[in-house]
Amino acid sequence: MEDLYTSVHYWLVDHPTISQFEWKQGHTFGSSLCFLTLSISIYLSITLLSFRFSSLLPTLPTTTLHRITAVHSLVLCLVSLIMIVGCSLAVFHQMPRHDWRRWVFCFPADNNSTTLPRGPVFFWIHVCYLSKILEFVDTLLIILSRSRSRRLSFLHVYHHTMVPLLCYLGIYARQSLIHIAVMINASVHVVMYAYYFLCAIEKKPWWKKLVTDCQIIQFILGFICSPIMLYYHFTTAGCSGFGLWCVDIVFNASLLLLFLDFHSNNYGKKIRKDPHSKRERDKEEEGGTTGRAFCSARFENHHQYLGLGPR
Ligand SMILES: CC(C)(COP(=O)(O)OP(=O)(O)OC[C@H]1O[C@@H](n2cnc3c(N)ncnc32)[C@H](O)[C@@H]1OP(=O)(O)O)[C@@H](O)C(=O)NCCC(=O)NCCSC(=O)CC(=O)O
């Protein structure tokens, strides 16, 4: 058991690539503003154009799409799992023993901006940032599927556009609490991508609501951790990335509201029996309720969707 811990610790924390990691603006992979701007611009262009020219786009055969979705979801599920372990071990490794309570919630502010984001903690935050770029594939898979116009919600595109940007700025500003956000988000994503994986292999998970509940708890935890950071920010020399935290908290609140709306539309007591609901359409298209159709059965309100193209 001790051997296992030692070797996990080596590969996730002590390996020179990880322990000596430094985010050097423009040198580290993905760290240039050009990379970020291009990635988000290409993502948004493809997404928005897919609505405008939805009828011209190719659609992948269902079996191919299922296979790619399964592999993609499994990869992100495993990467998230590794991120949780890696980032937790890195936090224990990197936090100063004499002042760990403060460090966990508040990276000391550096008014001269000379401190680089470095060490194993920032290595895993960097991995998280890159995984957010990989998550663009989620949208691509929805676009290439038969029912793209009904599945691409505002929530989805808003989330996928903003998160890489905030991760990038979070690393750049050595934002306090960012490692906690990464660990919580990775935990939720293990469950979420396991759900999407099971959907793709046509096993119907009964726990869709649990995934949404976990996502909502994640945003609430963001609010719970913040006052501790605020306490340290105002009682000590300040916490790094405070300005960005103000932006983050607004984003967190907006996601919380969108997910509460999603929750009430999908699992609320007064679910509207809409003949045009996705479940009904899936039945029509697939000639019956398959496991996968059940998986994606939602009683969504139309306003939640970007709503361009046929419903
Ligand atoms: C239970 C949820 C995780 C998913 O709800 P959905 O309504 O999307 O679930 P669903 O059963 O209808 O599945 C949607 C369809 O998309 C396919 N699908 C597969 N992989 C996907 C992926 N990575 N992202 C989005 N959709 C995906 C499914 O196989 C299914 O196909 P088919 O329709 O063909 O059967 C929910 O809590 C949720 O997050 N809803 C918001 C929608 C979303 O895009 N979430 C992910 C990004 S937000 C996020 O990630 C927040 C966070 O950080 O925690």
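Because the structure is predicted, anything quoted here is derived from the model rather than measured. (Residues numbered from 1 in each chain as written. Predicted model: local features only at pLDDT ≥ 70, side-chain atom pairs only at ≥ 80, totals over all residues. Heavy atoms only, no water.)

**Thoughts on the overall build of the protein chain**
Stage number 1. For the protein chain, the helix and strand inventory stands at 14 helices and zero strands.
Stage number 2. For the protein chain, the succession of helices and strands along the chain, N to C, is α-α-α-α-α-α-α-α-α-α-α-α-α-α.
Stage number 3. Looking at the protein chain as a whole, 48% of its 311 residues qualify as buried.
Stage number 4. Long-range contacts, defined as pairs at least 24 residues apart, comprise 81% of the intrachain contacts of the protein chain with a sequence gap of at least 6. (Helix = DSSP H or I, 4+ residues; strand = E, 2+ residues; numbered from the N terminus. Buried < 20%, exposed > 50% of the residue type's maximum accessible area, 1.4 Å probe, protein only. Contact = heavy atoms within 4.5 Å.)

**Focus: a nonpolar patch on the surface**
Stage number 1. The grouping of L38, I42, I46 and L140 at the surface amounts to a nonpolar patch, some 340 Å² of accessible area in total.
Stage number 2. For the nonpolar patch, the leading source of residues is helix α3 (residues 33–52), giving three residues.
Stage number 3. Checked against the element boundaries, L140 lands in helix α7 (residues 136–143).
Stage number 4. For L140, a relative accessible area of 38% puts it in the partly exposed group. (Patch = residues over 30% accessible without salt bridge, like charges linked within 9 Å, V, L, I, M, F, W, Y side chains within 5 Å. Areas by Shrake-Rupley, 256 points an atom, 1.4 Å probe, with all protein chains shown as cover. Salt bridge = Lys/Arg side-chain N within 4 Å of Asp/Glu carboxyl O.)

**What to know about the pattern of salt bridges**
Stage number 1. Following the criterion strictly, the structure yields four salt bridges and no others.
Stage number 2. A salt bridge links K24 to E22, with the shortest nitrogen-to-oxygen separation between them at 3.7 Å.
Stage number 3. In this structure K24 comes out as partly exposed when scored by relative accessible area, which is 42%.
Stage number 4. Salt-bridge contacts for K132 lead to E135; the nearest nitrogen and oxygen are separated by 3.1 Å. For the pair shown, K132 and E135 are each scored as buried.

**Side note on the packing of α3 against helix α9 (residues 154–172)**
Stage number 1. The N-to-C vectors of α3 and α9 enclose an angle of 180°; their axes lie 11 Å apart at closest approach. Classified by the interaxial angle, the pair formed by α3 and α9 is roughly antiparallel. Within the contact between the two elements, α3 uses L33, L36, I40, Y43, L44 and T47 and α9 uses H156, V157, H160, T161, P164, L165 and Y168.
Stage number 2. Across the contact of α3 with α9, the residue classes break down as nine nonpolar, four polar and no charged. (Axes fitted to C-alpha atoms, helices over the stretch in contact; angles between N-to-C directions. Parallel < 35°, antiparallel > 145°, perpendicular 65-115°, else oblique. Nonpolar A, V, L, I, M, F, W, Y, C, P; charged D, E, K, R; others polar.)

**Brief notes about the side chain of H72**
Stage number 1. Relative to the helices and strands, H72 resides in helix α4 (residues 62–94).
Stage number 2. Not counting residues up to four positions away in its chain, the partners in contact with H72 are L134, V137, D138 and L141.

**Overview of the packing of helix α6 (residues 119–134) against α9**
Stage number 1. Running from N to C, α6 and α9 point in directions that differ by 160°, and their axes come no closer than 9 Å. Here α6 lies roughly antiparallel to α9, going by the angle between them. Once α6 is placed against α9, the crossing between them reads as left-handed. From α6, F122, I125, H126, C128, Y129, K132 and I133 reach across to α9, where they touch V163, P164, C167, Y168 and I171.
Stage number 2. Residues of the contact of α6 with α9, tallied by class, amount to ten nonpolar, one polar and one charged. (Left-handed = near helix turned anticlockwise from the far one by under 90°.)

**Points about the packing of aromatic side chains**
Stage number 1. Using the criterion set out here, one finds 21 aromatic pairs in the structure.
Stage number 2. Between F21 and F123, the ring centres sit 5.8 Å apart and the planes meet at 80°, which makes this aromatic pair edge-to-face. Placement of F21 in the loop between α2 (16–19) and α3 and of F123 in helix α6 is noted, with a sequence separation of 102 residues between them. Pair check on accessibility: F21 and F123 agree, each one buried.
Stage number 3. Measuring from centroid to centroid gives 4.2 Å for Y43 and F136, while their planes differ by 15°, and the two rings are stacked. Separated by 93 residues along the polypeptide, Y43 in helix α3 and F136 in helix α7 bring together distant segments of the chain.
Stage number 4. Members of the aromatic cluster, connected to one another through ring pairs, are Y193, Y195, Y196 and W207.
Stage number 5. For the cation-ring pair, R52 lies above F53, with the distance from its terminal atom to the ring centre recorded as 5.5 Å. (Phe/Tyr/Trp six-rings, centres within 6.5 Å; stacked < 30°, edge-to-face > 60°. Lys NZ or Arg CZ within 6 Å of the ring centre and 35° of its normal.)

**Details of the confidence of the model for the protein chain**
Stage number 1. Residue-level pLDDT values for the protein chain average 85, and 84% of them are 70 or greater.
Stage number 2. Counted against residues more than four places away or in other chains, residues 273–294, with its pLDDT under 50, gives 40 contacts.
Stage number 3. When the criterion is pLDDT under 50, residues 297–311 qualifies, and its contacts beyond four places in sequence or with other chains add up to 48 contacts. (pLDDT = per-residue confidence, 0-100.)

**Description of the environment of C214**
Stage number 1. Relative to the helices and strands, C214 resides in helix α11 (residues 208–235).
Stage number 2. What makes C214 partly exposed here is its relative accessible area of 25%.
Stage number 3. Linking C214 and S153, residues 61 residues apart in sequence, is a C-alpha distance of 19 Å.

**Focus: the side chain of H263**
Stage number 1. Here H263 shows up in helix α12 (residues 242–267).
Stage number 2. Setting aside residues no more than four positions away along its own chain, H263 makes contact with K209, T212, D213, I216 and G268.

**Brief notes about the state of the cysteines**
Stage number 1. The final tally for this structure, using the stated rule, is one disulfide.
Stage number 2. Disulfide pairing is shown between C106 and C239; the S-S distance is 2.1 Å. Taking the sign of the torsion about the S-S bond as the criterion, the disulfide between C106 and C239, at about -110°, is left-handed. With C106 in the loop between α5 (100–105) and α6 and C239 in the loop between α11 and α12, this pair connects stretches of sequence that are 133 residues apart.
Stage number 3. Judged by relative accessible area, C239 falls into the buried class, the value being 4%.
Stage number 4. Here C77 stays free of any disulfide, with the sulfur of C214 as its closest cysteine sulfur at 13 Å. (Disulfide = S-S within 2.5 Å.)

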